[in-house]
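Chain by chain, the residues run as shown.
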Amino acid sequence: MEHGRLSERSVRNADCATIQIQTRWSIRLSSLLLAFGLGLAVVPESASAVAQEQPVTSACEAQSVGGPLFITENCNDPELSKPYVDERKPGTLTDEASGVSVSFTYVHGGFSGTKARFSFYFPAAEKYKGRFFQTTYPTIGVEDAAPGCPEIGTSTCSVVFALSSGAYVVSTNNAGGVPAGGALAAYRTNAAAAKYSRLIALEMYKTSTRPRGYIYGASGGAYQTVGSMENTSGVWDGAVPMVFGVPNAIPNFMASQLLALRVLRDKLPQIADAVAPGGSGDPFAGLSAEQRDTLKEVTRLGFPLSGWWQYATLNGGGFWAVEGAVRAIDPSYMEDFWSKPGYEGSEPSVQAARVRQDTTVKNVGEGNELVLGVEPSKDLLNGDLMIKDGPKAGQSVVITGIEGSKVKVVSASGITAGTAVRLDNSWAIALQYYSRHQVPATHQYGWDQYVKKDGAPLYPQRSVIIGPMLNASSAGSVASGRFHGKMIMAESVLDVSAYPWSADWYRQQAQAALGDLSGSFRLWYMDNADHGPDIAGISAGVAFEHSAHVADHIVSYLGEVQQALLDLDAWVAKGIPPAESTNYRIDADDQVQLAPEAELRAGIQPVVTLGVGRTSDASSHPIALVKKGTDITLWAKAQTPPSAGKIVKVEWDFEGDGHFTAQPVSIGHESAFKEVHRFVRPGTYFPVVRVTAQRDGDANTPFGLVQNLASMRVTVR
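Keep in mind the model is a prediction, meaning the values are calculated, not measured. (Residues numbered from 1 in each chain as written. Predicted model: local features only at pLDDT ≥ 70, side-chain atom pairs only at ≥ 80, totals over all residues. Heavy atoms only, no water.)

## Focus on the environment of Gly 519
Along the chain, Gly 519 falls in the loop between α14 (501-514) and β18 (521-526). Each C-alpha atom, one on Gly 519 and one on Trp 571, is 9.0 Å from the other, the two residues being 52 residues apart in sequence. In this view, Gly 519 contacts Lys 486 and Trp 571; residues no more than four positions away in its chain are not counted. (Helix = DSSP H or I, 4+ residues; strand = E, 2+ residues; numbered from the N terminus. Contact = heavy atoms within 4.5 Å.)

What follows is the structure, given as structure tokens:
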């Protein structure tokens, strides 16, 4: 499928002639305008025609002077008042992962006078259940479903799931995406499209019943989702923000990861081993004073200790994409860092990490890869490659990868063999300490370590706090907790990008703003889940790229999100409350600790343990020492929380090599599973058991599959 528009390959048997919304419905739909607050654009002839303005209700207004526009179901966004439809045709999509195909009516259009575009995917009338799902991500600038997964925006799998569940799909281009779309990109384009889709649905299904609507999104999409629910009322009935970050998360969470990668580089293997199953449990053993302080600092900011399993491939995520914003907003920071008292630039170990080195480009490869005349220091990751001659002289590009004498840069345009360059990590090193100089005005407790008992900051503070600005640019406003409708927040315990305590912070904000949340909010934590919604995204280059044996460490949270959407609708339509929020605690180092047993933990994820021994009680002993060639008995226990569903699948990877085999299972809420295995070579192994639960106990459906895993350590002599 093409990103910009639905391709003919994806829309099989499509009628090449554009089918417009029929004129005979225009009078009927115009009578509904007052209820939905939008002018209806009817396109009776030309596919490119733009409808004339129709009567509308009063314009939407900001709730405070200079604040964001507040959108309701019955007001009209003045910049998005002229929707039109320019394409309507049948289509078919197939999700390659599940093999499920769906047919639909595709409707495409936009809002006259803007770059805002939308695509709607409607199931057949006999499958429609009166609801729509809408997924979002701030930098997505196309309105059509992208191929495959994960759901960082509308994708094939999100369309297939929605239509298979009797929901139609609303998708937009965020008016071109953040930042190009300006004020319309955060939530207003999504809101206008959601409202307009209801008019189309009423016409298509010949009903007067208002469709129920739900928005969801991951990471930056969680910012958008929360902002959508805080800046609108009645547009969506509920929302599922996924892997949410506190307002001050960007760029500081990324920068802190880079700090740890540099200072702890040689110690990360032993740190990962210490926190792995059967490890010593002491990741600080054998560290220098600087290393201990750095690990403690980054841990208290929220990086999950068990997340260091993937240390070899961590690189700060999309830090290179946001550091430009920091430089533009706070341009004097780098010079201040290296020259003024109170900053870390005067410390000998920090000065030793600074690199300013001249060299030449020997060769230009594919994918913005350059071969240099020197082998650069690893500390140059996210540093600058400054161009000294040629057509781009005086410009610089960010280094995003280093391997020997090869570096990857954001863009190699204008760089040729022989180009003189300077390697300089002055900005990169300075930004690794940026969180210390960014104590937010609102209490975000990962920053408590940077203030004295009287609340005064320990380090010099910058004149601007950038995180909330970036939060607002994606969401329309800084998260406050004052949302409308119902919400199930999905957060991951091993998230190395949006640190897990962020969701607890939002719960506290919502409770302070709204009081009792029992009728409107749930927080479901997923154990052994990370920032990417589906580990199948590895093949698409999204999340965990190049990490070895990801499936032995991480489970998908996509099934949890699918179930959350269905549970939201049951909550809204039938008053059936979803599973209770996960029971957890935030420890002194801001790490999320889950209740140990399924009944106490709640949420919807099964709880799994694994061990070795003669009886099922061995599942609580995750260490074994055996002789090679000896049979050992592995026991796993799994239990689902109340109302969370039944166990439908159990898989084993005995030697931790990423290859799983399924074990026959009797579907139920709680089970113990036994397997016998023989290790034939000496070494240290990490057997893994992965358990899947499904709400209805359906082992054949590809939807709503909620996973967890457990691992143990086996030393073979």
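## Remarks on the nonpolar core
Counting 103 residues, the largest nonpolar core has Phe 120, Phe 122, Phe 244, Trp 308, Tyr 333, Met 489 and Tyr 506 as its most contacted members. Looking at this core element by element, the count peaks at ten residues for helix α4 (residues 188-205). Once residues within four sequence positions are removed from consideration, Tyr 333 is found in contact with Tyr 343, Trp 427, Ala 430, Leu 431, Tyr 433, Tyr 434, His 437 and Arg 462. One finds Trp 309, Ile 488, Met 526 and Val 561 within the second-largest nonpolar core, a separate group that totals 46 residues. (Core = buried A, V, L, I, M, F, W, Y, C linked by side-chain atoms within 4.5 Å. Buried < 20%, exposed > 50% of the residue type's maximum accessible area, 1.4 Å probe, protein only.)

## Here's the deal with the packing of aromatic side chains
All told, the structure shown has 34 aromatic pairs when counted by the stated rule. Ring geometry for Phe 303 and Tyr 499: centres 5.9 Å apart, planes at 75 degrees, overall edge-to-face. Residue Phe 303 is located in the loop between α8 (289-301) and α9 (319-329), and its partner Tyr 499 is located in the loop between β17 (486-492) and α14; the two are separated by 196 residues in the primary sequence. What makes Phe 303 buried here is its relative accessible area of 0%. On the basis of relative accessible area, Tyr 499 is assigned to the buried category, the value being 0%. Taking the centre distance of 6.2 Å and the plane angle of 70 degrees together, the rings of Tyr 333 and Tyr 343 count as edge-to-face. (Phe/Tyr/Trp six-rings, centres within 6.5 Å; stacked < 30°, edge-to-face > 60°.)

## Structural notes on the pattern of salt bridges
Enumeration according to the criterion identifies 28 salt bridges in this entry. Across the pair Glu 73 and Arg 210 runs a salt bridge whose closest N-O atoms are separated by 2.4 Å. Taken together, the residues span a long stretch of sequence, with Glu 73 in the loop between β2 (69-72) and β3 (83-94) and Arg 210 in the loop between α4 and β8 (212-218) at a distance of 137 residues. A residue is classified by how much of its surface remains accessible, and Glu 73, at 16% relative accessible area, is buried. (Salt bridge = Lys/Arg side-chain N within 4 Å of Asp/Glu carboxyl O.)

## A look at the environment of Phe 132
Take Phe 132: it is sitting in strand β6 (residues 131-135). Residues Phe 132 and Val 169, spaced 37 residues apart in sequence, show a C-alpha to C-alpha distance of 5.6 Å. Residues within four places of Phe 132 in sequence aside, it is in contact with Ala 167, Tyr 168, Val 170, Ala 194, Ser 197, Arg 198, Pro 211, Arg 212, Gly 213, Tyr 214, Val 235 and Trp 236.

## Focus on the state of the cysteines
Taken as a whole and judged by the stated rule, the model has two disulfides. Disulfide pairing places Cys 60 opposite Cys 75 at an S-S distance of 1.9 Å. Judged by the sign of its S-S torsion, about 95 degrees, the bond between Cys 60 and Cys 75 is right-handed. Here Cys 60 is found in the loop between α2 (33-36) and β1 (61-62), whereas its partner Cys 75 is found in the loop between β2 and β3, with 15 residues between them in sequence. There is no split in this pair, since Cys 60 and Cys 75 are both buried. There is a disulfide in this structure between Cys 149 and Cys 157, and the S-S distance comes to 1.7 Å. A torsion of 125 degrees about the S-S bond marks the disulfide between Cys 149 and Cys 157 as right-handed. As far as the burial class goes, Cys 149 and Cys 157 line up, both buried. (Disulfide = S-S within 2.5 Å.)

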